[in-house]
Amino acid sequence: FQPGRQRWRTRRSASYPVLWTTVNSGDTWRATTISVGCRTVCSFGSSLFVLGFDTKAFKPRAVVSHDSGATWSDPIKLPSLMSSCVAITTSQIFAAGENGQVAGSTDGGATWTTLYETFHNSENFHAILATGTPGRLLAFGNQYDNVGQFVPEVIVSEDGGSSWTNFTWTFNNEGFQMSAAARCPGPTYIAADGDGNAYVSRDRDATKWSQQRLGFTEDIQAAACIGDSEVWLSEYALGSGVVAIQVSSDSGRMWFIAFSANGSAVWAPSTTNHGDGDRSRLLVTFNGGSKWHPVNLDRCPLC
């Protein structure tokens with residue numbers, strides 16, 4: 001998901017990766033073949049950055065478009081598999097992902113440099129945010145403690161990614177990863193973890209956070225802000241196949257379950273592949289989640 005009218009969704013088909021684009025709030029969709037499997041998408045203006053992997057060798061790769069997806073670059077090498085990215089301008093992009101890596105580009109995604117790395121394969125970042133304070137970034141993820149349990153991991157940079165320190169995360173959610181984050185207008189910042197907790201900050205620099213226990217306590221895997229105050233969180237319970245979308249219409253103060261289903265019956269904005277047997281539908285709502293409509297994706301073999 002991206003804020004505004006234009007939004008993107010990807011689904012790897014049996015033979016090629018496809019980027020689905022809508023410019024009319026989901027009423028119609030256009031399929032564009034791209035050359036990498038997608039894990040995350042970010043944008044600034046007419047520039048699109050798709051970060052993912054080579055579908056044959058599974059090596060980290062990205063493709064870039066600076067004309068709203070009309071044309072695309074050849075695959076570009078990435079330092080690691082990335083799970084989240086944020087575009088500050090058309091030329092400056094930050095990404096966070098596996099092996100505790102944060103990477104950045106200052107030339108519109110043509111080349112990438114590692115900005116932070118733990119050299120520990122059990123540490124992963126799942127979301128990255130740029131705050132309202134120039135140069136201040138937050139990355140959210142997890143590492144394992146000495147007994148093999150998840151420990152939430154949040155790091156902060158005050159100088160545009162040049163250096164990073166641990167951010168003091170005071171909430172009692174040990175055993176669960178920080179799995180999603182989004183910046184909303186205001187600014188309001190939303191983060192979430194694998195135990196169904198939402199976290200909200202309304203400080204310009206995202207210093208102070210509050211915790212909210214949601215009504216549907218499963219693994220939250222993605223967060224998106226739509227318009228001025230609407231927030232969506234997608235949840236997936238691996239194994240049980242329960243899917244749900246949490247919606248807030250007041251920037252995270254109150255939440256309700258907009259849609260839930262048993263089995264892979266609803267598409268939600270997630271970067272995780274839940275198995276070859278998953279067959280999902282894309283649903284769209286025009287009234288804050290009160291009523292949902294299936295979207296006909298005729299050219300998507302696995303949708």
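Everything numeric here is computed off the predicted structure, so don't read it as measured data. (Residues numbered from 1 in each chain as written. Predicted model: local features only at pLDDT ≥ 70, side-chain atom pairs only at ≥ 80, totals over all residues. Heavy atoms only, no water.)

Here the focus is the overall build of the chain. Secondary structure assignment for the chain yields zero helices and 25 strands. Taking as baseline every contact in the chain between residues at least 6 positions apart, the subset at least 24 positions apart corresponds to 38%. Entry remark: accessible area of the chain is about 13500 Å², with carbon and sulfur atoms responsible for 48%. (Helix = DSSP H or I, 4+ residues; strand = E, 2+ residues; numbered from the N terminus. Contact = heavy atoms within 4.5 Å. Areas by Shrake-Rupley, 256 points an atom, 1.4 Å probe, with all protein chains shown as cover.)

With that out of the way, let us pick up the packing of aromatic side chains. Under the counting rule described, the total for this entry stands at ten aromatic pairs. Considering the side-chain rings of Phe167 and Trp169, the 6.3 Å spacing of their centres and the 50 degrees angle between planes classify their relative orientation as tilted. We note that Phe167, like Trp169, is buried. (Phe/Tyr/Trp six-rings, centres within 6.5 Å; stacked < 30°, edge-to-face > 60°. Buried < 20%, exposed > 50% of the residue type's maximum accessible area, 1.4 Å probe, protein only.)

This part is about the sheet that holds strand β18 (residues 197-201). Across the sheet, which stays open at both edges, the four strands sit in the order β16-β17-β18-β19 with antiparallel pairing between neighbours. The outermost strands of the open sheet, each flanked by one partner alone, are β16 (178-184) and β19 (210-213). The average undirected angle you get between the axes of adjacent strands in this sheet is 20 degrees. Bridge count between β16 and strand β17 (residues 188-193): six bridges; the pairing is antiparallel. The partner of Arg183 across the bridge, within β17, is Tyr189. (Pairing = 2+ DSSP bridges. Axes fitted to C-alpha atoms, helices over the stretch in contact; angles between N-to-C directions.)

Here we come to the sheet that holds strand β7 (residues 76-77). Taken together, the four strands give an open sheet; going across it, the order is β4-β5-β6-β7, and neighbouring strands pair in antiparallel fashion. Whereas interior strands pair on both sides, the edge strands pair on one side only; in this sheet they are β4 (37-44) and β7. Here two bridges tie strand β6 (residues 60-65) to β7, and the two strands are oriented antiparallel to one another. Bridging from a neighbouring strand, Arg61 pairs with Lys77 of β7.

With respect to the helices and strands, Pro152 occurs in strand β14 (residues 150-157). Sequence-wise, Pro152 and Phe140 are twelve residues apart; in three dimensions their C-alpha atoms are separated by 7.8 Å.

The next thing to look at is the state of the cysteines. Evaluation of the coordinates by the stated rule reveals one disulfide. Two residues share a disulfide in this structure: Cys42 and Cys85, whose sulfurs sit 2.3 Å from each other. Every disulfide takes its handedness from the sign of the S-S torsion; for Cys42 and Cys85 that torsion is -120 degrees, giving left-handed. Of this pair, Cys42 sits in strand β4 while Cys85 is found in strand β8 (residues 82-87), placing the two residues 43 residues apart along the sequence. The exposure class assigned to Cys85 is buried, which follows from its relative accessible area of 10%. For Cys38, which is in no disulfide, the shortest distance to another cysteine sulfur is to Cys85 and amounts to 8.3 Å. (Disulfide = S-S within 2.5 Å.)

Turning our eyes to something else, we now look at the nonpolar core. Counting 15 residues, the largest nonpolar core has Leu138, Phe140, Trp169 and Trp209 as its most contacted members. At the level of elements, β12 (124-130), β13 (137-144), β14, β16 and β17 are the ones that each hand at least two residues to this core. When neighbours within four sequence positions are excluded, Leu138 is seen to be in contact with Ala127, Ile128, Leu129, Val154, Ile155, Val156, Phe167, Ala206 and Trp209. (Core = buried A, V, L, I, M, F, W, Y, C linked by side-chain atoms within 4.5 Å.)

Attention now moves to the pairing of β12. Counting buried residues along β12, six of its seven residues qualify, which places the element largely inside the surrounding structure. Relative to β13, β12 runs antiparallel, the two sharing six bridges. Bridge pairing in β13 places Phe125 opposite Gly141. Count of turn residues in the β12/β13 antiparallel hairpin: six residues, of which Gly135 carries a positive phi of about 90 degrees.

Turning next to the side chain of Thr188. Within the secondary structure, Thr188 sits in strand β17. Using a relative accessible area of 6% as the deciding quantity, one classes Thr188 as buried. Non-local contacts of Thr188, meaning those with residues more than four positions away in its chain, are made with Ala182, Arg183, Val200, Ser201, Arg202 and Ser251.

Structurally, the position occupied by Asn142 is in strand β13. C-alpha separation for the pair Asn142 and Pro152, spaced ten residues apart in sequence, amounts to 4.6 Å. A polar contact of 2.8 Å, which involves the side chain of Asn142, links it to the side chain of His126. (Polar contact = N/O pair within 3.5 Å; in protein donor to acceptor, adjacent residues only side chain to side chain.)

These figures come from the coordinates and say nothing about function on their own.
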